[in-house]
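Coordinate inspection notes
One letter stands for each residue in the lines below.
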Amino acid sequence: MSTILIHVGDPQSQGFPEDVYVDDGSDPEWFVNPLARKFIPSYELAQCPGLMDDGIQAEDLLSTGRDLFGALLSGSPAEVWEAATSNRDARMVLDIEPSDLRSLPWELLCTPEPQEHWLFENEASPCVRARIPFAMETEPLTGPVRLLVIMGDPDDEVLKGDRELEAIYTGLSNVPCCWQVHVLRAPDMEKTRQALADFTPHILHFIGHGKQSAAGPSLEIMAPDQPWDLSAGFIAGVLTTPLRLAVLNACRTSGADPQQVVWGLSDAFFERGTLAVVAMQGDIASVPAVRFSREFYGQLAAGRALDEAMAHARNRLHWVNGGHPRDGAMPVLTVQADPSVILKWPQPIDHLTVTQMRGQEFEGPRWLVGRGMEHHEIMGRLAAMLAADKADLLAVTGDSEAGKSELTRSCLLTSIWCGVPVVYVNLMNKGNLNLQGLLTEIKDAVAHWLGPRVQRPVTTFTRALQAKEDLVQSLREGHPMAATAPGVALPPLNDRPRDAVAYENSLLNDFALFLQAVTHEPILLILDHVLRCEPYGHVVKNLLIPAAEGSFDPVRIVAVDSGLDAKLGAQLVDRVKTVRTFDRSEAKVLVREYCARKRDFYRGQRPDEESWAAFVKSMRARALEREGEDGEYFSPKELVAWEQMAYTFRQVQQ
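Remember, it's a predicted structure, so these values are computed and weren't measured experimentally.

**Considering the nonpolar core**
Counting 119 residues, the largest nonpolar core has Trp179, Leu245, Phe296, Tyr297, Leu306 and Leu544 as the members making the most contacts within it. Setting aside residues no more than four positions away along its own chain, Tyr297 makes contact with Leu147, Ile168, Gly171, Leu172, Trp179, Ile203, His205 and Val247. Ranked by size, the runner-up nonpolar core spans 32 residues in total, among them Ile150, Ala223, Val261 and Phe269.

**What to know about the side chain of Arg366**
With respect to the helices and strands, the residue Arg366 is situated in the loop between α10 (351-358) and α11 (372-387). Classification of Arg366 by relative accessible area gives buried; the value is 14%. Among all residues touching Arg366, those that are not within four sequence positions of it are Pro176, His351, Arg597 and Phe601.

**So, the sheet that holds strand β8 (residues 210-213)**
In spatial order, the strands read β8-β9-β10; together these 3 strands make up an open sheet with antiparallel pairing. On the outer flanks of this sheet lie β8 and β10 (228-231), each paired with one strand and no other. Recorded for the sheet is a direction-independent mean angle of 50 degrees between the axes of neighbouring strands. Pairing of β8 with strand β9 (residues 216-221), which is carried by 4 bridges, proceeds in the antiparallel orientation. Directly across from Ser213, in β9, lies its bridge partner Gly216.

**Some details on the pattern of salt bridges**
Tallied over the full model, the rule gives 36 salt bridges. Among the salt bridges present, the one from Arg131 reaches Glu271, with a minimum N-O distance of 3.2 Å. Here Arg131, found in strand β4 (residues 127-135), pairs with Glu271, found in helix α7 (residues 258-271); they are 140 residues apart in sequence, far enough to count as distant. A single network of salt bridges, built from pairs that share partners, joins Asp162, Glu166, Arg185, Arg592 and Arg620.

**Looking at the packing of helix α18 (residues 587-598) against helix α19 (residues 609-627)**
Between α18 and α19, the shortest axis-to-axis distance is 8 Å and the interhelical angle comes to 160 degrees. Of the possible angle classes, the one that applies to α18 and α19 is roughly antiparallel. Note that α18 runs across α19; the crossing there is right-handed. Touching Ala587, Lys588, Val591, Arg592, Tyr594, Cys595 and Lys598 of α18 are Trp612, Phe615, Val616, Met619, Arg620, Ala623, Leu624, Arg626 and Glu627, all from α19. Its residues placed into classes, the contact of α18 with α19 shows 10 nonpolar, no polar and 6 charged.

Quick notes on the rules
- Residues numbered from 1 in each chain as written.
- Predicted model: local features only at pLDDT ≥ 70, side-chain atom pairs only at ≥ 80, totals over all residues.
- Heavy atoms only, no water.
- Core = buried A, V, L, I, M, F, W, Y, C linked by side-chain atoms within 4.5 Å.
- Buried < 20%, exposed > 50% of the residue type's maximum accessible area, 1.4 Å probe, protein only.
- Contact = heavy atoms within 4.5 Å.
- Helix = DSSP H or I, 4+ residues; strand = E, 2+ residues; numbered from the N terminus.
- Pairing = 2+ DSSP bridges.
- Axes fitted to C-alpha atoms, helices over the stretch in contact; angles between N-to-C directions.
- Salt bridge = Lys/Arg side-chain N within 4 Å of Asp/Glu carboxyl O.
- Parallel < 35°, antiparallel > 145°, perpendicular 65-115°, else oblique.
- Left-handed = near helix turned anticlockwise from the far one by under 90°.
- Nonpolar A, V, L, I, M, F, W, Y, C, P; charged D, E, K, R; others polar.

Written out as structure tokens, the structure is:
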């Protein structure tokens, strides 16, 4: 897609050489691929009205849009622009420098009669505002998109912040494990600073009110202990890692010009290296704001460019019941990099394919709730392990039914998406396996997860295990010579401890050789419910501690089970990640997220509005009951049980 960059304002103020500007629009080279610039003097647009007041009508919007188009693209420039966009996709980028022109509703740009259409709603040839300098390339994403949502006032009924948050979850429901969402509800200043430092988000989404405070343009955060203003100065002080995108749904501004607040905050983010900002250039009702978030994030999740996602979301706002004709023009996207590369990332996970290949246990991570920060922390640990020059161990532990397995499986799927080879072994129903039985389970999982390319080492290790088993059986039966095989060096087995140790060491030596033959690149081996095998006393001693000490390279072992911290001891505490339990007071929030993620997948199909409303009502009622019940924590498994109850109740009613 070619890019047309039009600068509106004073060319000298941006420091560009004069020869990058074209004096008139007759030169087709204005539209060279990938980038060309056109300078249009500001006086051409000075008389164009804004008309963004509440009384504006649809015809006024069209008239304003046509006026803007005529001022920006008239005569020869229009002809060249039309020729460029008719023959191929072309992105038009507007760098609007003067503040009086910046405040005009450029998102209303409309082609002249008789074929009127909104330029900013064209997904094939999108339009976007920009700041100069404009980067054509940026580093692609190498892992999940990290989205930090800050709710300024979760209890504000006008804002309907929870509805907007639900819309974000629904929009991202097609790409579980590919996005990490962490939510702060009316956080204090320190918690906000800490989240920005620890979570290092790619995207910051604010839901709340904007204002003009003593510190300048600010976002109101109604923290319980002491409300505070997230100002441009705060952004400058704490935002050490540049954002890819800031989304500021802070248009509900009292006592100040909304645009002054919007542009002031946008500038603060840009000064800290943010690549793109979405903001509302006026007051927009909650219902279209919610619809916008759902459509916008849904398109980003599908891998579309930023401006294409915006154009799609604008289009959908025309179909909101009770909406205003101007709603599609309210969101403003401004970039200082090519919109197609700002959130460039790999293909999303196809969960249907993964589930069919790996089993129904991998359906659960699709509905993982409340784990954005922990998912990020585990993925960070895994990345460090994979980058190290030797094997290592990560132990994922926590209370029973805290959701350790689902969180780990989610990280496993994310790792696959990032191109990391993984092997998953679920020991839940395997019984008390001895060492040979455990190694056999791992070997079979390697064959299943890594496929035909490991057939030869799998066959060799299978034969080695069988030879050991045959020899042991022969020795026990008193026929040591019957099982003698080339290369097998095993002392006679009896009840003496040293013989058992020799046998285990021989098995582990074969296992290490097998792992080295399987791959020469780092690989993740996940042992879920690993302590089910510990009654024999071989898991921690023979697998986990050696892995922590660098054995079994190039495999990195991830062990999952309750009580691993106690088993590994204080000397390996840095290898332990404890999954927190949810407090029962979180049930209502978690139900909202769960229902939002389920919205388009409920029982395998999109439900009608009546059925869905009844289901959500039942789930929320149960969450309210749970908040008042006894019990120290809330188990994520309860959500699945409540879903079944709500579905069954609905079926009985019908």
